[in-house]
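# What the coordinates show
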Amino acid sequence: NNLISKNINEKNKFLSINFEKIKFKFDLKSLSLFIETNNPEIKFENTLIPVSNIKAFLKFKSIVILKPQIDKISILSNEITTEQLKKLIVKLKPNNFNSFIINKIKKGKLIANLDIYFNDDLSIENYIVKGNVMEMQAIIADDIFLRKTNFDFFFDKSDIIIKKINSNLTGLVIKDGVVRITGDDEINLKSELKTEININKENSQKYLPYVEDFKILNDDTIFIAKLDQIINISFDKTFKVIDSNYSVNGEVKKFFIKFKKSISNSYLKKDVESLIFSNSKFKFAKSSDNKKTIN
């Protein structure tokens, strides 16, 4: 345990690992030796990481020639709270994603499984992180909050996948959503969300500033629907939007619009003050060149 701890700590100054009791195990299928320990002390930039279990896999050839080399380390965390996560993120290089977690995430907890792959000199070659987030609360915009948010996640050096997203906003429920982020020079984000919407006089004010495409909407609008939403956005390295497409379709149970000014023409006996759709199919699409279609 001292040999492994010393080698890792020397090669990765930001990472400190200390073992106490360890078990040696041999995997016949992969011809690999690994050591396992529970509740080790792991620090990232001197900040303690709550860890439940850690396994260090040794390269078989290195064992034969009596020069042990670590191939991979697998770390299973204990439950990590939002406060603990923020302490760790502060140590990382600042970026928009880290800033979002620090400033917008208000509550929640997660469990993560981290696999770290090493080169022969024990520098980090790659990593894979997967786990789940539970009971998260976050600020999306002024007076708009995500509540009771749960999802699974996976990410490595190039890809991020968030799936089984379930969340609640005022007047909006998200079910079984998926978000994928890929790319190096160009970053591509695609999200698919199943939503149940119940916008009414009490909560419509929250969303009116974000629906400029529908200028006829106002405080009296009622919108009850089940919709599937797809968002595609491409960014450059500075997170400037290069291209974007948004589409939504589904069933509208009720859509009530009260016009600010009544509509009249020679074909109508009476002025039209309001309009109601019920049990209707709905499709809307918008691209970054500002082309819109509504069916």
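Here the residue numbering is sequential within each chain, running from 1 through the sequence in written order. Thresholds applied to this predicted model are a pLDDT of at least 70 for local features of residues and 80 or more for the giving and counting of side-chain atom pairs; totals over whole chains, interfaces and linings are not thresholded and use all residues. Neither water nor hydrogens contribute to the side-chain values; these are computed over all heavy atoms in the structure.

## A few points about the overall build of the protein chain
What counts, and what does not: Secondary structure counts use DSSP, requiring at least four H or I residues in a row for a helix and at least two E residues in a row for a strand, with both numbered from the N terminus. Here the globule rule is a power law, 2.2 Å times the number of residues to the power 0.38, and the radius of gyration is based on C-alpha atoms. A simple rule labels every residue: compare its accessible area, found with a 1.4 Å probe on the protein chains alone, to the largest value its type can have, and call it buried under 20%, exposed over 50%, or partly exposed in between. This count recognises Lys and Arg as positive and Asp and Glu as negative, with His and chain-terminal groups excluded. For this purpose, a charge sits on NZ of Lys, CZ of Arg, CG of Asp or CD of Glu.
Along the backbone of the protein chain there are 5 helices and 18 strands. A globule of 295 residues ought to have a C-alpha radius of gyration of about 19 Å, yet the protein chain, at 26 Å, is considerably larger. Projected onto its principal axes, the C-alpha coordinates of the protein chain cover approximately 95 × 35 × 30 Å. The buried share of the protein chain, taken over its 295 residues, is 33%. Computed over 49 positive and 37 negative side-chain charges, the separation of the two mean positions in the protein chain equals 3 Å.

## Side note on the sheet that holds strand 4 (residues 41-44)
Strands in a sheet are paired, the pairing made by backbone hydrogen bonds, and the direction either parallel or antiparallel. Which entries qualify depends on this criterion: Strand pairing is assigned whenever DSSP detects at least two bridges linking the two strands. The axes are straight lines fitted to the C-alpha atoms, using for helices just the contacting stretch, and the angles between their N-to-C directions are given from 0 to 180°.
A sheet is described by the order of its strands in space; here 3 strands give the open sequence 1-4-5, paired in antiparallel fashion. Looking at which strands have only one partner, the edges of the open sheet turn out to be strand 1 (15-18) and strand 5 (47-49). Averaged over all pairs of adjacent strands, the angle between strand axes in this sheet comes to 30°, irrespective of strand direction. Pairing between strand 4 and strand 5: 3 bridges, direction antiparallel. Across the sheet, the residue bridging to F44 is T47, located in strand 5.

## Section: the pairing of strand 4
Alternating residues of strand 4 divide into I42 and F44, all buried, and E41 and K43, none buried. Here 4 bridges tie strand 1 to strand 4, and the two strands are oriented antiparallel to one another. Its bridge partner being in strand 4, I17 is matched across the sheet by I42. Two successive antiparallel strands, strand 4 and strand 5, enclose a turn made up of 2 residues, where E45 displays a positive phi of approximately 55°.

## Here's the deal with the confidence of the model for the protein chain
We apply this condition: Every residue carries a pLDDT, the predictor's confidence in it, which falls somewhere between 0 and 100.
Averaged over the protein chain, the pLDDT score is 85; the fraction of residues at 70 or greater is 94%. Mean pLDDT across the elements of the protein chain bottoms out in helix 2 (residues 60-64) (58) and peaks in strand 12 (residues 160-169) (94).

## As for the side chain of T82
Using the following cut-off: Residue contacts are defined here by distance: any two heavy atoms, one from each residue, within 4.5 Å place the two residues in contact.
Locating T82 in the fold gives a position in helix 3 (residues 82-89). Each residue touching T82, except ones within four places of it in the same chain, is listed here: I105, K106, K107, G108 and K109.

## What about the packing of aromatic side chains?
Two measures describe an aromatic ring pair: the distance that separates the ring centres and the angle between the ring planes. Selection rule: Centres within 6.5 Å make a pair out of two Phe, Tyr or Trp rings, where for Trp the six-membered ring is used; the pair is then stacked when the planes are under 30 degrees apart, edge-to-face when over 60, and tilted otherwise.
Tallying each qualifying case throughout the model produces 6 aromatic pairs. Considering the side-chain rings of F223 and F255, the 4.9 Å spacing of their centres and the 55° angle between planes classify their relative orientation as tilted. A residue pair is termed long-range when its members are at least 10 positions apart, and F223 in strand 15 (residues 222-235) and F255 in strand 16 (residues 241-263) qualify at 32 residues. For the residue pair F223 and F255, the accessibility class agrees, reading buried in each case.

## Quick look at the pattern of salt bridges
Note the cut-off: We count a salt bridge whenever a side-chain nitrogen from Lys or Arg sits within 4 Å of a carboxyl oxygen from Asp or Glu.
A complete count under the given rule lists 6 salt bridges for this structure. K281 is paired through a salt bridge with E251; the nearest N and O atoms lie 3.3 Å apart. One end of the pair, K281, is in strand 17 (residues 272-287); the other, E251, is in strand 16, with 30 residues separating them in the sequence.

## Topic: helix 3
Rules: What the arc measures is the spread of directions leading from the helix axis to the C-beta atoms.
Along helix 3, the positions that sit buried rather than exposed are T82, L88 and I89. All buried residues of helix 3 lie within an arc of 120° about the axis, which places them on one face of the element. Structural note: helix 3 exposes E83 and K87 on the side pointing more than 90 degrees away from its buried face.

## As for the pairing of strand 9 (residues 105-118)
Examined bridge by bridge, strand 7 (residues 70-77) and strand 9 share 5 bridges and lie antiparallel to one another. Counterpart to L76 in the pairing with strand 9 is N113. Note that strand 8 (residues 80-81) and strand 9 share 2 bridges and pair antiparallel. Counted as the bridge partner of T81 is K109 from strand 9. Summarising the sheet, strand 9 and strand 10 (residues 124-141) pair through 12 bridges and their orientation is antiparallel. Looking at the pairing, I105 lines up with A138 of strand 10.

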